[in-house]
Amino acid sequence: MRHLFATAGLAAALALSAGSATAAASFNFSTDTCKHDYGTLYDVDVTPAGLSFHRTDGTPAKVFLHDGALEVDGREVAVSASDAQALRRYEDGVRKLLPEVAAISRAGIQMGFDAMTTVTMTFAEPAQREAMLAKLKRKQAQAIKEIDEGVGSGHWSGDRMTETVAGSVSDSVGELVGSVTSSAVEAALSGDSTKVAALTARASALDKSLNQEMDKRSKDLEARANSICPRVNDLADLQQGWKIRLPDGKPLELMTIKPKESKKDGEKVATF
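A short tour of the structure in this document, coming up.

What counts, and where the lines are drawn
- Residues numbered from 1 in each chain as written.
- Predicted model: local features only at pLDDT ≥ 70, side-chain atom pairs only at ≥ 80, totals over all residues.
- Heavy atoms only, no water.
- Helix = DSSP H or I, 4+ residues; strand = E, 2+ residues; numbered from the N terminus.
- Buried < 20%, exposed > 50% of the residue type's maximum accessible area, 1.4 Å probe, protein only.
- Contact = heavy atoms within 4.5 Å.
- Areas by Shrake-Rupley, 256 points an atom, 1.4 Å probe, with all protein chains shown as cover.
- Lys, Arg positive; Asp, Glu negative; His and termini not counted.
- Salt bridge = Lys/Arg side-chain N within 4 Å of Asp/Glu carboxyl O.
- Polar contact = N/O pair within 3.5 Å; in protein donor to acceptor, adjacent residues only side chain to side chain.
- Pairing = 2+ DSSP bridges.
- Axes fitted to C-alpha atoms, helices over the stretch in contact; angles between N-to-C directions.

**Focus on the overall build of the protein chain**
- Of the regular secondary structure elements, the protein chain holds 5 helices and 8 strands.
- Ordering the α and β elements of the protein chain from the N terminus gives α-β-β-β-β-β-β-α-α-β-α-α-β.
- Across the 272 residues of the protein chain, 43% fall into the buried class.
- When contacts within the protein chain are restricted to residue pairs at least 6 apart in sequence, long-range pairs at least 24 apart make up 72% of them.
- Taken as a whole, the protein chain presents about 13600 Å² of accessible surface, with 53% of it coming from carbon and sulfur.

Given below as structure tokens:
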């Protein structure tokens, strides 16, 4: 019995690791190559007409920029020639950044669902396996679709990304853990030592192979995320360098720039 429940615990941990792998799709602007912690209080739409930064709480509610021109809450704001150039560079940087964020998000989701598929193939009962694999496939396709329709199409929302990345795996992980644990408990109650031994052997083999694979892919994904940080550093430098002031005299801040580990409660973190 002791070995069986250890097996169940291990299998559950491996299923949860799928969720951790998918969390890699959530790119946090606080990696080693980032100079600061970066966040944003806005949702962002990138269109051919320009960049729209908008929010439902706080002022300004909407900032629009394109080709060096700036509008705040529907009113034009005069900027100097140097600031207009900075805005052009900022717009270009954001346009190039979002497709990279989308690609990393897709890779992270793929990695997480691959992990859950491996766990399912190893532990799910034959009668459940086909249905569980089909459901995982549907949820993965839906998550990728949401990425494509969101940040992949130039529409960034921190809340939407969090829901896509976390929500796409939470139900699947719960079902997977339940299935694995149920199989382990049934084997324990049956007193079938052969089945217990088989489950334990599968858990041991999976622990080693899955951890190795996920570790490698996680490092590769982390490297891709780190490669984006210099671009975000450049955006921060542009914002800190321009002299643009809002109608109330405050500086224009499209992203928050904080010393590492200093995010305030309620602030949206730029987790791409």
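**Side note on the side chain of Arg 55**
- Considering the arrangement of structural elements, one finds Arg 55 in the loop between β3 (50-54) and β4 (62-66).
- Lacking a salt bridge, the buried Arg 55 has Asp 73 as its closest oppositely charged neighbour, with an N-O distance of 7.6 Å.
- Polar side-chain contacts of Arg 55 include one of 2.6 Å to the backbone oxygen of Thr 59.
- When near neighbours in sequence (up to four residues on either side) are disregarded, Arg 55 contacts Leu 41, Tyr 42, Pro 60 and Ala 61.

**Regarding the sheet that holds strand β7 (residues 155-156)**
- Reading across from one edge, β6-β5-β4-β3-β2-β7 is the order of the 6 strands in this open sheet, with antiparallel pairing throughout. Edge positions in the open sheet fall to β6 (75-77) and β7, since each of these has one partner strand only.
- Of the strand pairs in this sheet, strand β2 (residues 43-47) and β7 are connected by 2 bridges, and their pairing is antiparallel. Within the sheet, the bridge partner assigned to Val 44 lies in β7 and is Trp 156.
- Docked against the sheet, helix α2 (residues 81-123) engages β2, β3, β4, β5 (69-72) and β7, running at close to 85° with respect to β3.

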